[in-house]
Amino acid sequence: MSNSQPFLTDVKTLRERARQHIEQGAVTAGYNADRETVLNLLNEALATEIVCTLRYKRHYYMADGLNASIAADEFLEHAQQEQQHADWLAERIVQLGGAPNFSPEGLQSRSHAEYVEGETLKEMVKEDLIAERIAIDSYREIATYLGDKDPTTRRIMEEILAQEEEHADDMASILESL
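Within each chain, residue numbers correspond to sequence positions counted from 1 in written order. For a predicted model such as this one, the threshold for reporting local features is a pLDDT of at least 70, and the threshold for listing and counting side-chain atom pairs is 80 or more; totals across whole chains, interfaces and linings nevertheless cover every residue. With hydrogens and water stripped out, all remaining heavy atoms of the structure feed into the side-chain values.

Engineer: Any chance you could explain the nonpolar core here in plain terms?
Structural biologist: Generally speaking, nonpolar side chains in soluble globular proteins are found buried as a group. Val38, Leu42, Phe75, Leu89, Tyr139, Met157 and Met171 are the most contacted members of the largest nonpolar core, which has 40 residues in total. In this description a helix means any DSSP run of H or I spanning at least four residues, a strand means any run of E spanning at least two, and both kinds are numbered starting from the N terminus. Elements with a contribution of two residues or more to this core: helix H2 (35-62), helix H3 (68-95), helix H5 (121-146) and helix H6 (151-177). Pairs of residues are marked as contacts when any of their non-hydrogen atoms sit within 4.5 Å. Excluding residues that lie within four positions of it along the chain, Leu42 makes contacts with Leu89, Arg92, Ile93, Leu96, Thr153 and Met157. Buried residues of nine kinds, namely Ala, Val, Leu, Ile, Met, Phe, Trp, Tyr and Cys, make up a nonpolar core once their side-chain atoms join them within 4.5 Å. Here's how the labels work: a residue is buried when its accessible area is under 20% of the maximum for its type, exposed when over 50%, partly exposed in between, all with a 1.4 Å probe on protein chains only.

So this is what it looks like as C-alpha cells:
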C-alpha cells in the first residue's frame, strides 16, 4: 500500500484478484456478505414485489365508486413501479450468481406481503397500505442487515424502500379521503 492512498488496495493486488475466479462475474473476493442469505432475501423480496404487482393490478381493474378514478390511477402507477422493483431484484439476483424465483408455486409463502383482494375500494386501499407497511419494515431490515457487506444490494433495497414509503403515503392519503 502506498502512503498517498492508505485506504485503497494497491493496483497490482486489485489486478491479480480480478483475474482469479472470473467465472463469478460481479462477485469478487471483496464481497463480504453471505451470498446464499442475500439471494434468499432477494428472492423473498422478489416474491413480495410480484404479489404486490398482482394485487395492485386487481385493484386497478376492480376499483369502482365515486372516488375510484383517483385510486385506480394510483393502483396502476404502483403496479408498474412494483414490477420495476421486481425487475431490479431479478437483475441483482443474477449478478450475484443466483436464479430469480418467478415460480407461481409457493409465491404467497415466499412473499412478505399478503394477497388480499378487498371487497370495497376502502378495503382495497387499506390492504395496499398494510402491504406497503410490511414491505417498508422488511426492506429496512434487509438494508440494515446488508450494511457495508453488500453496498450495491443495500442501495437497491433503499431505492425500493423509498418508493414503498411514497406508496404508503399515497394510500394513507386516499384512505383518509374515503
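Now that the structure has been shown, we can carry on.
Engineer: How do you make sense of the pattern of salt bridges when you look at a structure like this?
Structural biologist: Where charged atoms from two side chains of opposite charge come close, those side chains can pair. Salt bridges, as used here, are contacts in which a Lys or Arg side-chain nitrogen is within 4 Å of a carboxyl oxygen on Asp or Glu. Per the stated rule, a full pass over the model turns up seven salt bridges. The salt bridge involving Glu117 is made with Arg58; its shortest N-O contact spans 3.3 Å. Linking Glu117 in the loop between helix H4 (107-110) and H5 with Arg58 in helix H2, this pair joins segments that are 59 residues apart in sequence. Overall, Glu117 belongs to the partly exposed group, its relative accessible area being 34%. Arg58 sits in the partly exposed class, given a relative accessible area of 23%. A salt bridge links Arg140 to Asp137; the shortest N-O distance between them is 3.2 Å. With a gap of three residues between them, Arg140 and Asp137 both fall in helix H5, about one helical turn apart. Taking relative accessible area as the criterion, Arg140 reaches 37% and is therefore assigned partly exposed. The class for Asp137 is partly exposed, based on a relative accessible area of 45%.

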